[in-house]
Amino acid sequence: MKHPCLALCILIVLSIRNVFASRTYTKNDLNKLRDEVKEMFYHAYDSYLKYAYPYDELRPMSCDGIDTYGSYSLTLIDALDTLAIMGNYSEFQRVVDILSTKTDFDANINVSVFETNIRIIGGLLSAHLLSNKAGAKVEPGFPCNGPLLRLAEDVAKRLIAAFDTKTGMPYGTVNLRYGVPKGETPITCTAGIGTFIVEFGTLSRLTGDPLYEEVAMNALYSLFNHKSPIGLFGNHIDTNTGKWTAQDAGIGSGVDSYFEYLVKGSILLQRPELMEMFREARKSIDKHLKKDDWYMWVSMTKAQITLPVFQSLEAFWPGLLSLIGETSNAMKTLHNYHQVWQQYGFTPEFYYITQNEAGAGKESYPLRPELIESIMYLYRATGDPFLLEAGEDILRSIKHSAKTPCGYATIKDVRDHRTEDRMESFFLSETTKYLYLLFDTDNFIHNQGQHGTLINTPNGECVINAGGYIFNTEAHPIDPSALHCCYNTPNDVLVDFKEFDNNQAMYRGIQLLKKKMPKKHQNEKVEIVAPSENVTSVSLPLSVAQNESSLGEAEVTVSDPPTNSFDAQQMLERLRGENKYPKNESWERNFELLGCKAQKFLQRLSIMGEVFN
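Residues numbered from 1 in each chain as written. Predicted model: local features only at pLDDT ≥ 70, side-chain atom pairs only at ≥ 80, totals over all residues. Heavy atoms only, no water.

Student: What exactly am I supposed to notice about the packing of helix α13 (residues 327–344) against helix α15 (residues 385–401) here?
Tutor: A pair of packed helices is captured by two measures, namely the crossing angle of their axes and the spacing between those axes. Two numbers describe how α13 lies on α15: the axes approach to 11 Å, and their chain directions differ by 30°. One element, α13, and the other, α15, form an angle in the roughly parallel class. Here α13 and α15 pass one another in a crossing that is left-handed. When α13 is examined against α15, the residues M331, L334, H335, H338, W341 and Q342 are found in contact with a partner set consisting of F386, L387, A390, D393, I394 and S397. Among the residues making up the contact of α13 with α15, the classes are represented as seven nonpolar, four polar and one charged. (Axes fitted to C-alpha atoms, helices over the stretch in contact; angles between N-to-C directions. Helix = DSSP H or I, 4+ residues; strand = E, 2+ residues; numbered from the N terminus. Parallel < 35°, antiparallel > 145°, perpendicular 65-115°, else oblique. Left-handed = near helix turned anticlockwise from the far one by under 90°. Contact = heavy atoms within 4.5 Å. Nonpolar A, V, L, I, M, F, W, Y, C, P; charged D, E, K, R; others polar.)

Student: Can you help me understand the environment of R380 in this one?
Tutor: Within the secondary structure, R380 is located in helix α14 (residues 370–382). For R380, a relative accessible area of 33% puts it in the partly exposed group. Residues R380 and T441, 61 residues apart in the sequence, show an inter-C-alpha distance of 8.3 Å. (Buried < 20%, exposed > 50% of the residue type's maximum accessible area, 1.4 Å probe, protein only.)

Student: I tried to follow the confidence of the model for the protein chain on my own but got confused; where do I start?
Tutor: Of all residues in the protein chain, 81% attain a pLDDT of 70 or more, and the chain-wide mean is 85. Taken as a whole, residues 490–498 scores under 50 in pLDDT and shows 16 contacts with residues more than four places along the chain or in a different chain. This stretch, residues 603–613, has a pLDDT under 50; its non-local contacts, to residues over four places away or in other chains, come to 42 contacts. (pLDDT = per-residue confidence, 0-100.)

Student: For this particular structure, what's the right way to read the packing of helix α2 (residues 27–52) against α15?
Tutor: Running from N to C, α2 and α15 cross one another at 35°; their axes reach a closest spacing of 11 Å. For the pair α2 and α15, the crossing hand works out as left-handed. Here α2 contributes L30, L33, E36, V37 and M40 to the contact with α15, which in turn contributes L388, E392, L395, R396, I398 and K399. Tallied by class, the residues present in the contact of α2 with α15 amount to seven nonpolar, no polar and four charged.

Student: For this particular structure, what's the right way to read the nonpolar core?
Tutor: One recurring pattern in soluble globular proteins: nonpolar side chains tend to sit buried together. Y45, F92, F259 and W317 are the most contacted members of the largest nonpolar core, which has 180 residues in total. Ranked by residues supplied to this core, first place goes to α2 with eleven residues. (Core = buried A, V, L, I, M, F, W, Y, C linked by side-chain atoms within 4.5 Å.)

Student: For this particular structure, what's the right way to read the packing of aromatic side chains?
Tutor: Remark: the centre distance and the inter-plane angle together describe each pair of aromatic rings, the angle taken between the planes. Tallied over the full model, the rule gives 31 aromatic pairs. Ring centres 5.8 Å apart and planes at 50° place the aromatic pair F163 and F200 in the tilted group. Here F163, found in the loop between α6 (147–159) and β4 (173–175), pairs with F200, found in helix α8 (residues 197–207); they are 37 residues apart in sequence, far enough to count as distant. In this pair, the class of F163 matches that of F200, namely buried. Pairing F224 with F233 gives two aromatic rings, centres 6.4 Å apart and planes at 40°, and the pair type is tilted. You can call F224 buried: its relative accessible area is 7%. Ring-pair connections join several aromatic residues into one group, and the members of that group are F224, F233, Y258, F259, F278, Y295, F316, W317 and W587. Geometry around Y25 places R23 over its ring, the cationic atom sitting 3.9 Å from the centre. (Phe/Tyr/Trp six-rings, centres within 6.5 Å; stacked < 30°, edge-to-face > 60°. Lys NZ or Arg CZ within 6 Å of the ring centre and 35° of its normal.)

Student: Got a minute to help me understand the state of the cysteines in this structure?
Tutor: By definition, a disulfide links two cysteine residues through a covalent bond between their sulfur atoms. Under the criterion given, the structure shown has three disulfides. Paired by a disulfide, C63 and C406 hold their sulfur atoms 1.8 Å apart. Around the S-S axis, the bridge from C63 to C406 shows a dihedral of about 85° and counts as right-handed. With a gap of 343 residues between them, C63 in the loop between β1 (57–59) and β2 (64–66) and C406 in the loop between β16 (403–404) and β17 (407–408) connect regions that are remote in the sequence. The side chain of C462 participates in a disulfide bridge whose partner is C485; the two sulfur atoms lie 1.6 Å from each other. Here C462, found in strand β21 (residues 460–464), pairs with C485, found in the loop between β23 (477–478) and α17 (500–507); they are 23 residues apart in sequence, far enough to count as distant. On the basis of relative accessible area, C485 is assigned to the buried category, the value being 1%. (Disulfide = S-S within 2.5 Å.)

Student: Please clarify how unusual backbone geometry should be interpreted in this entry.
Tutor: Glycine aside, a negative phi is what most residues show, and trans is what most peptide bonds show. Across the junction of Y53 and P54, the peptide omega takes the value 15°, indicating a cis bond. Relative to the assigned elements, P54 resides in the loop between α2 and β1. Of the consecutive residues F142 and P143, the connecting peptide bond is found in the cis state with omega at 10°. Look at S73: it is not a glycine, yet its phi comes out positive at around 50°. With respect to the element layout, S73 can be found in the loop between β2 and α3 (74–85).

Student: Could you clarify how one ought to interpret α3 in this entry?
Tutor: For an α-helix the count is 3.6 residues per turn, leaving residues at separations of three or four pointing the same way. With respect to burial, α3 is a largely interior element, twelve of its twelve residues being buried. Every buried residue of α3 is listed here: L74, T75, L76, I77, D78, A79, L80, D81, T82, L83, A84 and I85. Elements in contact with the buried residues of α3: α2, β1, α4 (89–100), α5 (113–130), α16 (426–439) and β23. The first or second residue beyond α3 is G87, which carries a positive phi of 85°.

Student: Explain α8 to me, please; I cannot follow it from the model alone.
Tutor: Within α8, eleven of the eleven residues are buried, leaving the element largely enclosed by the surrounding structure. Among all positions in α8, only I197, V198, E199, F200, G201, T202, L203, S204, R205, L206 and T207 are buried. Buried residues belonging to α8 abut α5, α6, α9 (211–224), α10 (256–269), α11 (272–288) and β23. Phi turns positive, to about 85°, at G208, one or two residues after α8.

Student: What exactly am I supposed to notice about the UniProt feature "active site" (unreviewed entry) in the protein chain here?
Tutor: The feature "active site" (unreviewed entry), as given by UniProt, occupies E115, D256, E349 and E370 in the numbering adopted here. Annotated residues from the preceding list that form part of the lining of the second largest pocket: these are E115, D256 and E370. Accessibility expressed as a relative area gives 15% for E115, which makes it buried. Aside from chain neighbours lying at most four places away, what touches E115 is Y69 and I120. (UniProt positions renumbered as here; feature names shortened; annotations may be inferred. 1 Å grid on protein atoms, 1.4 Å probe; cavity = no way out; pocket = protein on both sides within 12 Å on 5 of 7 lines; lining within 4 Å.)

Below is the structure:
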């Protein structure tokens with residue numbers, strides 16, 4: 001038997017080593033790391049413009065471009081709000097001008113409903129809301145009016161036909177011109193059903209059309225009502241029958257952003273019923289999936305472990321927990337995930353927890369952002385210097401092994417760091433953005449109500465740019481205060497939880513305008529912020545006139561015209577009339593769910609869209 005005193009001494013020594021393991025970062029250190037990330041971003045962004053534009057993605061080893069999701073210059077749209085966050089307002093304006101020449105997304109191509117929503121609609125909405133901050137030209141009636149908002153709504157109108165199913169859960173694919181393709185499979189992944197409320201809710205609040213938010217909420221209610229008897233959600237479901245076709249339950253691929261949007265949609269739109277759905281799901285997740293601060297994959301009906309793996313996509317979870325104040329549990333899980341990164345220099349798509357090794361055939365790392373996303377959120381919540389070290393680890397790995405003369409390449413195998421000729425658009429939208437925000441602690445995105453901008457709208461004065469930004473799952477930030485500018489809300493109402501029941505329609509923005517901004521307000525003035533002088537400019541290699549197809553038709557995946565035209569309003573009225581998934585009124589009124597120690601500011605901001613002391 002070992003001497004207990006010796007064991008205690010060893011434990012104390014190890015504890016001391018752990019306490020002092022993290023280095024100290026000065027402001028100068030952080031600025032240098034921030035600038036390294038900016039250099040990384042521009043190496044990839046400039047290469048996209050030079051070699052790949054107007055295609056969707058850059059091929060960083062071939063130094064050319066390829067269309068992947070719809071031939072709409074995806075990387076350009078995905079990277080737009082990152083330009084604003086990094087302070088390059090002149091280039092932001094240049095790209096906005098290019099996109100603004102596009103009047104619609106009419107094209108005979110089949111696209112992913114999920115990907116188009118998070119990347120295109122999310123990117124356009126975020127850029128629209130940041131236009132004022134970036135000193136771009138804004139139309140009268142901003143933020144309830146503008147070319148990028150109109151483009152985002154045009155795309156949403158083309159996607160909305162996917163929700164016309166027996167369950168209200170959407171198909172996975174639509175044709176941008178003709179709607180759901182003939183013979184399209186009704187089987188969709190869980191994330192493909194539950195990842196619309198942030199973008200669609202924002203659209204409804206800005207345009208005054210309740211269609212988008214109601215359809216997204218109906219899909220969420222439908223999905224929640226199809227959970228298993230033990231409260232778990234499978235991976236794929238038939239949207240016509242409601243029958244699960246893939247019954248593995250987890251928090252990763254095919255499911256992840258469903259849970260993310262329950263939390264973020266709840267905070268952004270002041271819908272406590274979404275937080276209640278998350279809490280219910282979380283109980284089952286902790287009971288059946290969580291093992292030693294890892295999360296397994298199990299059978300959704302019997303909770304038997306089916307896959308003892310950690311997926312790289314699951315690394316978003318600690319960051320999500322931080323949004324509801326669960327920083328302690330989040331840090332424990334994050335340490336597990338960071339150890340995998342340290343083992344290989346990257347996180348493989350699959351990592352077998354029991355064998356401590358990358359999964360066969362799943363050894364790649366496509367420059368995913370999820371781990372750095374959680375690190376950024378948790379550093380903002382805790383200030384733990386370990387998280388800066390972990391972020392620097394990620395920066396060093398990508399610079400060392402993924403950099404090519406024309407961008408940054410996917411790591412094909414984390415074990416030997418071989419590369420693959422692809423750079424997905426989320427590298428510029430998410431990975432570089434979260435890294436930059438980790439080290440740029442004074443960025444306006446981190447504003448917690450210290451300052452804002454007062455503007456005039458057809459509905460009176462309104463505060464925007466007051467912080468508390470909610471990122472969609474593609475890291476496109478949405479300004480929650482701006483959502484209160486497009487409907488009538490008195491500015492002198494004091495927040496009182498006792499009055500929520502009587503005023504919840506006002507607090508949640510349900511008093512939407514029936515139509516867009518009246519013509520009589522077209523000439524009203526809107527205050528704008530002057531652009532920063534300390535910006536760099538990157539010239540686009542080709543003009544819009546030279547590249548009329550930059551957001552246009554792809555040469556593949558076409559569909560025949562449908563026999564019947566689709567009527568979105570008719571679908572909405574049908575969903576309202578059927579009321580298959582009645583709302584839980586007690587959940588809808590439980591606004592106290594939205595308050596937590598980590599998110600007090602977000603709670604108050606999103607309720608009234610005002611700045612509080």
